[in-house]
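Here is what each chain is made of, one letter per residue.
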Amino acid sequence: MTEISLKNKIAIVTGAGSGIGKSIAITLASNGAKVILNDINLISVNETCKTINSKHGTAESMVSDVGNYNDILEMVEKIVKKHGRVDILVNNAGILGRYEIEDVDEKKWDELMNINLKGVFNCCKAVLEPMRKQKSGKIINISSSAGRTTSTFGGVHYTTAKTGVLGLTRHWAREVAKDGVNVNAICPGEIATPMILSIQTQDQIDETIRNIPLKRLGKPEDIANTVLFLASDLSDYITGATIDVNGGSLML
């Protein structure tokens with residue numbers, strides 16, 4: 001049986017304070033990675049850090065705004081100075097923005113794009129030099145089923161940003177393949193996170209489940225386990241790919 005070990009790997013997980021990001025961080029740490037937790041919310045990211053260090057492995061927390069390139073570059077430079085490398089980047093940070101088209105003004109559009117799309121670009125750009133220098137790296141971008149079709153929970157800006165993440169993933173993968181860096185994306189479907197559960201009634205949740213062939217909502221761990229595979233040596237010949245994790249609700 002093949003065991004997945006990330007021993008001595010340095011991993012960055014954005015949006016690690018809660019939900020899918022928290023689960024990803026715990027899973028990577030449980031499999032040996034030293035995880036740097038990034039989030040804009042100091043309280044939540046410190047709570048994740050405390051949980052990992054007490055039960056699951058080794059973690060550090062850093063508050064940085066993914067929408068601000070200089071902020072992220074400074075974070076990465078601190079990580080490289082301390083640990084010497086960055087092996088894994090998981091671009092998970094994002095906001096939802098549940099609005100009808102007529103309610104999406106320029107401010108809402110720019111705010112969501114700044115985090116959900118520009119934030120992914122900023123983080124990829126910040127780790128480019130260290131990953132090229134070490135001739136290795138795994139970048140995993142968390143998109144959404146919305147990027148494959150349209151969003152049932154978010155607005156037009158959310159769908160557009162998540163579609164953009166898939167294009168960014170493919171192009172980035174092609175350019176950095178020569179440097180030994182793998183870049184892939186994951187498209188979660190309906191995942192039972194506090195954010196998603198808070199915006200639906202029980203009747204809406206039940207209807208959603210009826211339309212999923214596997215007859216349940218996804219769990220954050222379903223995404224985290226897919227990230228673990230893509231972050232490991234088992235995925236060394238996969239790049240520029242998108243993996244759909246949705247219980248069969250969208251089959252392409």
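Residues numbered from 1 in each chain as written. Predicted model: local features only at pLDDT ≥ 70, side-chain atom pairs only at ≥ 80, totals over all residues. Heavy atoms only, no water.

Draft legend 1. Up close: the overall build of the chain. Helices and strands together make up the secondary structure of the chain, namely nine helices and seven strands. Computed over its C-alpha atoms, the radius of gyration of the chain comes to 17 Å, within 12% of the 18 Å expected for a compact globule of 252 residues. With the C-alpha coordinates of the chain rotated into their principal frame, the extents come out at 50 × 45 × 35 Å. Burial analysis of the chain (252 residues in total) assigns 50% to the buried set. Sequence separation of 24 or more characterises 73% of the internal contacts of the chain that already satisfy a separation of 6 or more. (Helix = DSSP H or I, 4+ residues; strand = E, 2+ residues; numbered from the N terminus. Rg over C-alpha atoms; globule rule 2.2 N^0.38 Å. Buried < 20%, exposed > 50% of the residue type's maximum accessible area, 1.4 Å probe, protein only. Contact = heavy atoms within 4.5 Å.)

Draft legend 2. Layout of the sheet that holds strand 4 (residues 88-91). What the seven strands build is an open sheet, ordered 3-2-1-4-5-6-7; its pairing is parallel. Looking along the sheet, the strands with just one partner apiece sit at the ends: strand 3 (58-63) and strand 7 (242-245). The average angle at which neighbouring strand axes cross in this sheet is 20 degrees, direction not considered. Alignment of strand 1 (residues 10-14) against strand 4, held across three bridges, turns out to be parallel. Among the inter-strand pairings, Ile12 is bridged to a residue of strand 4, identified as Leu89. Helix 6 (residues 156-176) rests against strand 5 (137-142), strand 6 (181-188) and strand 7 of the sheet, and its axis sits at about 160 degrees to strand 6. (Pairing = 2+ DSSP bridges. Axes fitted to C-alpha atoms, helices over the stretch in contact; angles between N-to-C directions.)

Draft legend 3. A look at the environment of Ala11. Among the structural elements, Ala11 can be located in strand 1. On a C-alpha basis, the gap between Ala11 and Val127 in space is 11 Å, while along the polypeptide they are 116 residues apart. Discounting residues that sit within four places of it in the chain, Ala11 has contacts with Leu28, Ala33, Lys34, Val35, Ile36 and Ile88.

Draft legend 4. Looking closely at helix 1 (residues 19-30). End to end, helix 1 covers 17 Å across 12 residues, agreeing with the expected 16 Å (1.5 Å per residue, within 8%). Counting buried positions over the 12 residues of helix 1 gives nine, a clear majority of the element. Within helix 1 the residues assigned to the buried category are Ile20, Gly21, Ser23, Ile24, Ala25, Ile26, Thr27, Leu28 and Ala29. One or two positions beyond helix 1, positive phi appears at Gly32, with a value near 105 degrees. (Expected span 1.5 Å × (residues − 1).)

Draft legend 5. View of the pairing of strand 3. Pairing of strand 2 (residues 34-39) with strand 3, which is carried by six bridges, proceeds in the parallel orientation. Note on strand 3: the bridge partner recorded for Ile36 is Glu60. Handedness of the crossover joining strand 2 and strand 3 through helix 2 (residues 42-56) is recorded here as right-handed. (Right-handed = clockwise from strand over helix to strand, strands pointing away.)

Draft legend 6. Examining the packing of aromatic side chains more closely. Summed over the entire model, instances satisfying the criterion amount to one aromatic pair. A centroid spacing of 5.7 Å and a plane angle of 80 degrees characterise the contact between Phe121 and Trp172, whose relative ring orientation is edge-to-face. Here Trp172 lies in helix 6 and Phe121 lies in helix 5 (residues 118-134), a separation of 51 residues in the sequence. Between Lys108 and the ring centre of Tyr99, over which it is positioned, the NZ or CZ distance is 4.9 Å. (Phe/Tyr/Trp six-rings, centres within 6.5 Å; stacked < 30°, edge-to-face > 60°. Lys NZ or Arg CZ within 6 Å of the ring centre and 35° of its normal.)

Draft legend 7. Up close: the state of the cysteines. What the rule picks out here adds up to zero disulfides. Here Cys123 stays free of any disulfide, with the sulfur of Cys124 as its closest cysteine sulfur at 7.2 Å. Look at Cys124 and you get buried, because its relative accessible area is 0%. (Disulfide = S-S within 2.5 Å.)

Draft legend 8. Highlighting the nonpolar core. Grouped together as the largest cluster of nonpolar side chains are 30 residues, with contacts concentrated most on Ile24, Leu28, Leu37, Val90, Ile140 and Val227. For this core, the secondary-structure elements that each account for two or more residues are strand 1, helix 1, strand 2, helix 2, strand 4, strand 5 and helix 9 (220-231). Each residue touching Val90, except ones within four places of it in the same chain, is listed here: Ile12, Val13, Thr14, Ile24, Leu28, Ile140, Ile142 and Val227. Of all hydrophobic cores here, the second largest spans 27 residues; its members include Ile72, Cys123, Cys124 and Met131. (Core = buried A, V, L, I, M, F, W, Y, C linked by side-chain atoms within 4.5 Å.)

Draft legend 9. Structural context of a nonpolar patch on the surface. Residues Ile40, Leu42 and Val63 make up a contiguous nonpolar surface patch of about 290 Å² in total accessible area. The residue Ile40 is located in the loop between strand 2 and helix 2 in this model. (Patch = residues over 30% accessible without salt bridge, like charges linked within 9 Å, V, L, I, M, F, W, Y side chains within 5 Å. Areas by Shrake-Rupley, 256 points an atom, 1.4 Å probe, with all protein chains shown as cover. Salt bridge = Lys/Arg side-chain N within 4 Å of Asp/Glu carboxyl O.)

Draft legend 10. Molecular detail of the side chain of Gln200. Along the chain, Gln200 falls in the loop between helix 7 (194-198) and helix 8 (202-210). Within the structure, Gln200 has its side chain in polar contact with the side chain of Thr208 (distance 3.5 Å). (Polar contact = N/O pair within 3.5 Å; in protein donor to acceptor, adjacent residues only side chain to side chain.)

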